[in-house]
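Secondary and tertiary structure notes
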Amino acid sequence: MKVLVAGGLGYIGSHTCLALQKAGVTPIIYDNLSNASINVLEQLKHISGKDFTFVEGDIRNQALLEQVMQEHNVTAVLHFAALKAVGESCEQPRRYYDNNVAGSVVLLDAMANVGVKQIIFSSSATVYGDPQYLPLDENHPISATNPYGWTKVMVEQILQDNCQADAGNLAISLRYFNPVGAHPSGLLGESPNGIPNNLMPYIAQTAVGKREFVSVYGDDYDTPDGTGVRDYIHIMDLAEGHVAAFLNHKNDTSFIAYNLGTGQGYSVLDVIKAFSKAAKNEVPYKFAPRRSGDVACNYADASLAKQKLNWQATLGLPEMTEDTWRWQSKYPQGL
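Residues numbered from 1 in each chain as written. Predicted model: local features only at pLDDT ≥ 70, side-chain atom pairs only at ≥ 80, totals over all residues. Heavy atoms only, no water.

**Digging into unusual backbone geometry**
- Note the cis peptide between L134 and P135, where omega equals -5°.
- You will see that L33, though not glycine, has its phi angle at about 65°, which is positive.
- Inspection of the secondary structure puts L33 in the loop between β2 (26-31) and α2 (39-48).
- Positive phi outside glycine occurs at N310, with the angle close to 55°.
- Relative to the helices and strands, N310 resides in the loop between α10 (303-309) and α11 (317-330). (Helix = DSSP H or I, 4+ residues; strand = E, 2+ residues; numbered from the N terminus.)

Put into structure tokens, the structure is as follows:
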């Protein structure tokens, strides 16, 4: 069984490729390397002892997508090929809509032309916008507070409409917040280009001396310590969630959405303190003004995934920070 993994050398995609391979599914990795390193391919081989097929390409290249899917006889697509920084999306909205939305339409066109009817979409719990209640379940109203979030809302709607138009299609949307952590070997983790847009890699780079301090955006939110609360999920749990969704629904059709999370919210200061403990050194931080588009508190109700997929997160904040530190201390400059 072969699947195309678009964005497969990125942080989430690469860990999911390992989980797929472990489950007996062959990933065909497709990535334009815009926010990933080709060195990840060697790390995947080192960890698994297996060679992975890789094609360099963009999801807006329909002809190449069709060629790769036909040549490898793939039966499904796992779609991670998206730009993902909230702040950047507010500054460059057209770029985000072009890659994330228009790119997804091209991908679906390519799939339709070669007869691939199953897609697992890496969505985000930002599709819930400002929470009307917590924890967020899959029935929460859909909205967004920033262009990145709107790209996920739009692609989910496109996937729903595509399933309505062809009853043979399957689209599974996996909604989650903040993937963190690294492979327990310390050989694979998050290695963003330039200045990290997400909290954990910024903390990790600060802990190894690459950054002077962590900027904590906002200290006056309506949360226990005034800093934003999020549902962080270990990357290995998240990768297993993608595999569970694919294997449990490979004979199904229609659009299905699942939350993947721990159901436990952690504040920015909680994460910094836990990382300081893992690194055995205090991570310096300074408060900064709130960022546009951020909300105070978000965490998920993942009970549907437990019920339907027999999946639940098993790794907590200690493992998230310890595994990140193991990776970052081995590769202080990333890959």
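The rest of the description comes next.
**What about the pairing of β2?**
- Counting buried positions over the six residues of β2 gives five, a clear majority of the element.
- Looking at chain direction, strand β1 (residues 2-6) and β2 are connected through five bridges and run parallel. Paired with V5 across the bridge in β2 is I29.
- Running through helix α1 (residues 11-22), the crossover from β1 to the neighbouring parallel element β2 is right-handed.
- As for the winding sense of the linkage, the β-α-β connection from β2 through α2 to strand β3 (residues 53-56) is right-handed. (Buried < 20%, exposed > 50% of the residue type's maximum accessible area, 1.4 Å probe, protein only. Pairing = 2+ DSSP bridges. Right-handed = clockwise from strand over helix to strand, strands pointing away.)

**What to know about the packing of aromatic side chains**
- Within this structure, the stated rule accounts for three aromatic pairs.
- An angle of 85° between the planes, with centres 6.0 Å apart, marks the rings of F275 and W325 as edge-to-face. With a gap of 50 residues between them, F275 in helix α9 (residues 268-279) and W325 in helix α11 connect regions that are remote in the sequence.
- Residue classification places F275 among the buried residues on the basis of a relative accessible area of 0%.
- Classification of W325 as partly exposed rests on a relative accessible area of 22%.
- We note K286 situated over the ring of F213; from NZ or CZ to the ring centre the distance is 4.5 Å.
- The ring of Y221 has R290 sitting right over it, with the charged end atom 4.0 Å from the ring centre. (Phe/Tyr/Trp six-rings, centres within 6.5 Å; stacked < 30°, edge-to-face > 60°. Lys NZ or Arg CZ within 6 Å of the ring centre and 35° of its normal.)

**Focus on the nonpolar core**
- If you look at the biggest cluster of nonpolar residues, it comprises 40 residues, and the most contacted ones within it are V3, L44, L174, L260 and W311.
- Mapped by element, the contributors of at least two residues to this core are β1, α1, α2, β4 (76-79), β6 (170-175), α8 (235-249), β11 (254-259) and α10.
- It is α8 that provides the largest number of residues to this core, a total of eight residues.
- Residues in contact with L174, not counting those within four places in the same chain, are I120, F121, S122, S123, S124, G241, H242, A245, Y258 and L260.
- In this structure, A6, V68, V101 and M111 belong to the second largest nonpolar core, which totals 26 residues. (Core = buried A, V, L, I, M, F, W, Y, C linked by side-chain atoms within 4.5 Å. Contact = heavy atoms within 4.5 Å.)

**So, the pattern of salt bridges**
- As enumerated under the stated definition, the model contains nine salt bridges in all.
- Salt-bridge contacts for D98 lead to R60; the nearest nitrogen and oxygen are separated by 2.6 Å. Highlighted residues: D98 in helix α5 (residues 93-114) and R60 in the loop between β3 and α3 (62-72), separated in sequence by 38 residues.
- Look at the salt bridges and you will find they share partners, linking D58, R60 and D98 into a network. (Salt bridge = Lys/Arg side-chain N within 4 Å of Asp/Glu carboxyl O.)

**Remarks on the side chain of Q328**
- When you line up the elements, Q328 lands in helix α11.
- One polar contact links the side chain of Q328 to the main-chain carbonyl oxygen of Y331, over a distance of 3.2 Å.
- Ignoring any residue separated from it by four or fewer positions in sequence, one finds Q328 in contact with P201, A204, Q205, V208 and G334. (Polar contact = N/O pair within 3.5 Å; in protein donor to acceptor, adjacent residues only side chain to side chain.)

**Notes on the sheet that holds β3**
- If you walk across this open sheet you meet the seven strands as β3-β2-β1-β4-β5-β6-β11, and the pairing is parallel. Each having just a single partner strand, β3 and β11 make up the two edges of the open sheet. When strand polarity is set aside, the average angle formed by the axes of neighbouring strands in this sheet is 20°. (Axes fitted to C-alpha atoms, helices over the stretch in contact; angles between N-to-C directions.)

**Concerning the environment of M69**
- Its place among the elements puts M69 in helix α3.
- Residue classification places M69 among the buried positions, given a relative accessible area of 2%.
- For M69 and N259, which are 190 residues apart along the polypeptide, the C-alpha to C-alpha distance reads 28 Å.
- Apart from the residues within four sequence positions on either side, M69 is in contact with L4, V74, V77, A110, M111, V114 and V116.

**Focus: the packing of α9 against α11**
- Where α9 meets α11, the axes come as close as 9 Å, and the angle between the chain directions of the two elements is 55°. The angle between the axes of α9 and α11 places the two elements in the oblique class. Considering only the axes of α9 and α11, their crossing is right-handed. From α9, D270, V271, A274, F275, A278 and A279 reach across to α11, where they touch L317, T321, E322, T324 and W325.
- Looking at the contact of α9 with α11 residue by residue, the class counts come to seven nonpolar, two polar and two charged. (Parallel < 35°, antiparallel > 145°, perpendicular 65-115°, else oblique. Left-handed = near helix turned anticlockwise from the far one by under 90°. Nonpolar A, V, L, I, M, F, W, Y, C, P; charged D, E, K, R; others polar.)

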